[in-house]
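Listed below are the residues making up each chain.
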Amino acid sequence: KKISGDLQGGIDDYTKAIYINPKRGGTFLFRGIAKSDIGDLQGAIEDYTKAIEIDPQDALAYYNRGNAKSDIGDLQGALEDYTKAIEINPKYLPAFGQRGNAKNISKDYQGAIADYTKVIESIPQSESAYYNRGGAKYLLKDYQGAIADYTKTLEINPQNSNAYKNRGGAKYLLKDYQGAIAD
């Protein structure tokens with residue numbers, strides 16, 4: 001039902017499955033995802049936590065709980081969950097990207113850059129990783145580094161208007177007024 005768009009029906013079905021077999025962490029995980037999709041973030045966090053209690057090695061449960069915690073403003077909790085997901089599965093790149101975002105919001109720009117770089121090393125065409133890393137560099141006043149990352153973003157996606165705007169802002173701060181105007 002969840003796949004067809006009936007999220008509440010999907011939640012009801014997951015609830016029935018949990019009643020029948022409460023020891024399957026994956027069912028809690030998927031019910032949590034459905035709850036998150038309807039905006040019940042606290043309910044989603046509870047389900048992800050239950051999935052983790054059943055299977056403490058479920059990187060996806062930590063990742064999704066981190067997303068829900070981030071959405072309710074619990075950045076420290078989100079950072080802890082993304083870090084745990086990465087400890088369990090060091091190749092789980094979405095957790096690096098999301099942890100980078102949480103670090104960026106927390107003003108840990110160097111940490112954010114390291115996480116975005118990890119994504120770029122594995123996915124050299126990651127538009128969002130270059131764009132977000134450019135933003136962290138910009139906030140560190142590394143305007144040349146920001147320009148390089150925004151330029152790479154635009155090589156990947158020439159339609160990214162925010163990359164033009166931000167690259168233009170970095171060029172302006174470096175007194176490259178013609179370059180800023182061009183962007």
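Look above for the structure.
Residues numbered from 1 in each chain as written. Predicted model: local features only at pLDDT ≥ 70, side-chain atom pairs only at ≥ 80, totals over all residues. Heavy atoms only, no water.

Asks: Would you take a moment to explain the overall build of the protein chain for this structure?
Replies: For the protein chain, the count of helices and strands is eleven helices and zero strands. For the protein chain, the α and β elements follow one another from N to C terminus as α-α-α-α-α-α-α-α-α-α-α. Its C-alpha atoms give the protein chain principal-axis dimensions of roughly 65 × 30 × 25 Å. The buried share among the 183 residues of the protein chain stands at 45%. Carbon and sulfur atoms make up 51% of the accessible area of the protein chain, which totals about 9700 Å². (Helix = DSSP H or I, 4+ residues; strand = E, 2+ residues; numbered from the N terminus. Buried < 20%, exposed > 50% of the residue type's maximum accessible area, 1.4 Å probe, protein only. Areas by Shrake-Rupley, 256 points an atom, 1.4 Å probe, with all protein chains shown as cover.)

Asks: Help me understand the nonpolar core, please; the structure alone is not making it clear to me.
Replies: As a rule of thumb, nonpolar side chains are buried together in soluble globular proteins. Judged by nonpolar contacts, the single largest core of 29 residues is most densely connected at Leu29, Tyr48, Tyr63, Ala85 and Ala95. Secondary structure elements with two or more residues in this core: α2 (25-37), α3 (41-54), α4 (59-71), α5 (75-88), α6 (93-105), α7 (109-122) and α8 (127-139). The element best represented in this core is α3, accounting for six residues. Ignoring any residue separated from it by four or fewer positions in sequence, one finds tyrosine 48 in contact with Leu29, Gly32, Ile33, Ser36, Ala61, Asn64, Arg65 and Ala68. One finds Tyr109, Ile113, Tyr116 and Ala136 within the second-largest nonpolar core, a separate group that totals five residues. (Core = buried A, V, L, I, M, F, W, Y, C linked by side-chain atoms within 4.5 Å. Contact = heavy atoms within 4.5 Å.)

Asks: Would you mind going over the packing of aromatic side chains with me for this structure?
Replies: Describing an aromatic ring pair means giving the distance of the ring centres and the angle of the ring planes. Per the counting criterion, the structure on display carries five aromatic pairs. In textbook terms, an aromatic cluster arises when at least three aromatic residues are bridged by ring pairs, as seen for Tyr63, Tyr82 and Tyr92. (Phe/Tyr/Trp six-rings, centres within 6.5 Å; stacked < 30°, edge-to-face > 60°.)

Asks: Please clarify how unusual backbone geometry should be interpreted in this entry.
Replies: The phi angle of most residues is negative, glycine excepted, and most peptide bonds adopt the trans form. The phi torsion at lysine 141 lies on the positive side, around 65°, for a residue other than glycine. Here lysine 141 shows up in the loop between α8 and α9 (143-156). The backbone of lysine 175 sits at a positive phi, close to 65°, despite the residue not being glycine. The residue lysine 175 is located in the loop between α10 (161-173) and α11 (177-182) in this model.

Asks: Whenever I open this one, the environment of asparagine 160 confuses me. Can you help?
Replies: Summarising the element assignment, asparagine 160 is placed in the loop between α9 and α10. The exposure class assigned to asparagine 160 is buried, which follows from its relative accessible area of 12%. Here the side chain of asparagine 160 touches asparagine 162 through a polar contact of 3.2 Å, landing on its backbone nitrogen. (Polar contact = N/O pair within 3.5 Å; in protein donor to acceptor, adjacent residues only side chain to side chain.)

These figures capture arrangement, not role.
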